Amino acid sequence: MTREDLAVSRDRMRYTKDKLSANLVLAAIVLDALYFVSIYQSDVSTWYYNWVIGASIILNLLFLLTAFLASEGVKSRKSGFTIPLLVLGILQIVRIFYLPTRAHAATVVLTGTEIPVMDNGQYLYTVICLALSAVCCIAAAVNSFLNGRKLAEHMKSLEKQSA
């Protein structure tokens, strides 16, 4: 890519949306929704009926809201959404080690037989959903940060040229 092509590409950034970052965040939302459905459709026993599930539902709703707002923010190239997206990504990783891990380790006795609350397949599925959601959030944050920095440098060079 020539120097002129690079300048044109960066100048276009002023007028286009950051679709990659926004779509990565939307993918994180979809993956979180798949996790959400997998966990909350489980009804092996009353193991899930406690305050942890209530807190998990509220956390999911807050994740979905924050991620959607961050998606709209990074799409329009507004600065300040890198840190919230990184926090969301880290939060998704932390969530792997709480509810899915506890449910996978727990067992209940039904009709005289001890069965796991969450089987290996569902555990793997929920871990993959949360891990991919975290990767999408972190990748969106990094991409948005790098694009924002490139655009800021380009804007500074334009100011220097006009001065």
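Given the structure is predicted, the values throughout are model-derived calculations rather than measurements.

J.: Before we move on, could you go through the overall build of the chain and cite the residues and values that matter?
T.: The helix and strand inventory of the chain stands at 6 helices and 2 strands. In the chain, the succession of α and β elements from N to C terminus is α-α-α-α-α-β-β-α. With respect to the principal axes defined by its C-alpha atoms, the chain has extents near 80 × 30 × 20 Å. Sorting the 163 residues of the chain into buried and exposed places 34% on the buried side. Sequence separation of 24 or more characterises 79% of the internal contacts of the chain that already satisfy a separation of 6 or more. On the chain, roughly 9,800 Å² of surface is accessible, and the fraction owed to carbon and sulfur atoms is 67%. In the chain, which carries 15 positive and 11 negative side-chain charges, the distance between the mean positions of the two groups comes to 10 Å.

J.: Give a description of the pattern of salt bridges that names residues and reports values.
T.: Under the definition given, this model contains 2 salt bridges. Two residues, D32 and R95, come together in a salt bridge whose shortest N-O distance is 3.2 Å. With D32 in helix α2 (residues 19-40) and R95 in helix α4 (residues 82-96), this pair connects stretches of sequence that are 63 residues apart. Close ionic contact of K75 with E72 constitutes a salt bridge, the shortest N to O distance being 3.4 Å. Taken together, the residues K75 and E72, both in helix α3 (residues 51-75) and 3 residues apart, mark about one turn of the helix.

J.: Account for the pairing of strand β2 (residues 113-116), naming residues and giving values.
T.: Bridge analysis of strand β1 (residues 107-110) against β2 gives 4 bridges, and the strand direction is antiparallel. Along β2, the bridge assignment pairs V108 with I115. Taking the residues between adjacent antiparallel strands as the criterion, β1 and β2 are bridged by 2 residues, where T111 takes a positive phi near 50°.

J.: Residue-level account of the packing of α3 against α4, with values.
T.: When two helices pack together, you describe them by how their axes are tilted relative to each other and by the distance separating the axes. Two elements in contact, α3 and α4, have axes separated by 10 Å at closest approach and are oriented at 150°. Here α4 runs roughly antiparallel to α3, going by the angle between their axes. Relative to α4, α3 is oriented so that their crossing is left-handed. Residues S56, L59, N60, F63, T66, A67, A70 and V74 of α3 touch α4, and the partners they reach there are L85, L88, L91, Q92 and R95.

J.: Can you break down the packing of α4 against helix α6 (residues 120-162) residue by residue, with the values?
T.: Running from N to C, α4 and α6 cross one another at 165°; their axes reach a closest spacing of 8 Å. If you check the angle between α4 and α6, you find them roughly antiparallel. Remark: the crossing between α4 and α6 carries left-handed chirality. Facing α4, whose interface residues are T82, L85, L86, L88, G89, Q92, I93, R95 and I96, α6 presents V127, L130, A131, S133, A134, C137, I138, A140, A141 and F145. Classifying every residue of the contact of α4 with α6 by side-chain character gives 14 nonpolar, 4 polar and 1 charged.

Definitions and cut-offs
Residues numbered from 1 in each chain as written. Predicted model: local features only at pLDDT ≥ 70, side-chain atom pairs only at ≥ 80, totals over all residues. Heavy atoms only, no water. Helix = DSSP H or I, 4+ residues; strand = E, 2+ residues; numbered from the N terminus. Buried < 20%, exposed > 50% of the residue type's maximum accessible area, 1.4 Å probe, protein only. Contact = heavy atoms within 4.5 Å. Areas by Shrake-Rupley, 256 points an atom, 1.4 Å probe, with all protein chains shown as cover. Lys, Arg positive; Asp, Glu negative; His and termini not counted. Charge placed at Lys NZ, Arg CZ, Asp CG, Glu CD. Salt bridge = Lys/Arg side-chain N within 4 Å of Asp/Glu carboxyl O. Pairing = 2+ DSSP bridges. Axes fitted to C-alpha atoms, helices over the stretch in contact; angles between N-to-C directions. Parallel < 35°, antiparallel > 145°, perpendicular 65-115°, else oblique. Left-handed = near helix turned anticlockwise from the far one by under 90°. Nonpolar A, V, L, I, M, F, W, Y, C, P; charged D, E, K, R; others polar.

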